[in-house]
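Overview (structure and organization)
So the chains spell out like this:
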Amino acid sequence: MPTGKSEAGLIEHFAQHPVHWVTVRPPQVGQHWNDHGTWLRPPLLIDRRTLNPGDIGLQVLEGRTRVGVLRGRLREQLHVAYEHAAWVGRS
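The text that follows walks through the structure, step by step, so that each part is easy to find.

Procedures and definitions
Residues numbered from 1 in each chain as written. Predicted model: local features only at pLDDT ≥ 70, side-chain atom pairs only at ≥ 80, totals over all residues. Heavy atoms only, no water. Helix = DSSP H or I, 4+ residues; strand = E, 2+ residues; numbered from the N terminus. Contact = heavy atoms within 4.5 Å. Phe/Tyr/Trp six-rings, centres within 6.5 Å; stacked < 30°, edge-to-face > 60°. Pairing = 2+ DSSP bridges. Axes fitted to C-alpha atoms, helices over the stretch in contact; angles between N-to-C directions. Buried < 20%, exposed > 50% of the residue type's maximum accessible area, 1.4 Å probe, protein only. Arc of directions from axis to C-beta. Core = buried A, V, L, I, M, F, W, Y, C linked by side-chain atoms within 4.5 Å.

A short note on the environment of Gly-57
The topology assignment puts Gly-57 in the loop between β1 (44–47) and β2 (58–62). Measuring from C-alpha to C-alpha, the distance between Gly-57 and Asp-47 comes to 6.1 Å, with 10 residues separating the pair along the chain. Excluding residues within four positions of it along the chain, Gly-57 makes contact with Ile-46, Asp-47 and Arg-48.

Now the structure itself:
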């Protein structure tokens with residue numbers, strides 16, 4: 001799930017230290033990750049075909065930290081929910 005070209009690698013940057021990026025947020029964010037294994041507020045994604053008809057998949061518009069934390073938590077085998085909510089814009 002990429003971001004725009006100007007932010008290439010940003011999600012992976014957040015994924016390297018998922019615990020840090022949760023602890024620098026308000027306490028309810030960390031508590032929600034611990035209790036529910038997902039983000040408190042769904043990220044905003046768009047269908048990549050909106051930007052380029054030849055592309056496929058989703059692109060993160062808002063919520064790069066949340067997506068990175070999820071990726072990092074999965075890699076570190078921390079509690080992660082089976083399903084996650086997201087706002088998806090389609091053209």
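Back to the text.
Comments concerning the packing of aromatic side chains
Aromatic ring pairs are described here by two measures, namely the spacing of the ring centres and the angle between the planes. Applying the stated criterion across every chain, the model contains 2 aromatic pairs. For the pair Trp-33 and Trp-39, a centre-to-centre distance of 6.2 Å together with 90° between the ring planes defines the contact as edge-to-face.

Quick notes on the sheet that holds strand β3 (residues 87–89)
In a beta sheet, neighbouring strands pair by backbone hydrogen bonds and run either parallel or antiparallel. Reading across from one edge, β2-β1-β3 is the order of the 3 strands in this open sheet, with mixed pairing throughout. The sheet terminates laterally at β2 and β3, the two strands that pair on one side only. Neighbour-to-neighbour, the strand axes of this sheet turn through a mean angle of 35°, independent of strand direction. Where β1 meets β2, 4 bridges bridge the pair, whose relative direction is antiparallel. Bridge pairing in β2 links Asp-47 to Leu-58.

Digging into helix α3 (residues 27–36)
Turning to α3, its buried residues number three or more, namely Val-29, Gly-30, His-32 and Trp-33. Buried residues in α3, looked at end-on, bunch into an arc of 160°, giving them a common side. Residues of α3 that are exposed and point more than 90 degrees away from the buried face comprise Pro-27 and Asn-34. Buried residues belonging to α3 abut α2 (18–23) and α4 (64–75). One or two residues past the end of α3 sits Gly-37, with phi positive at roughly 70°.

Some remarks on the nonpolar core
Ile-11, Phe-14, Trp-21, Val-22, Val-29, Trp-33, Trp-39, Leu-45, Val-60, Val-67, Val-69 and Leu-70 form the largest nonpolar core, which has 12 residues in total. Breaking this core down by element, the ones donating at least two residues are α1 (10–15), α2, α3 and α4. With 3 residues, α4 is the largest single contributor of residues to this core. The residues touching Val-22, leaving out its near neighbours within four places in the chain, are Val-29, Gly-30, Trp-33 and Val-69.

Quick word on unusual backbone geometry
A positive phi is found at Gln-77, a non-glycine position, where the angle reads about 55°. Tracing the sequence through the fold places Gln-77 in the loop between α4 and β3.

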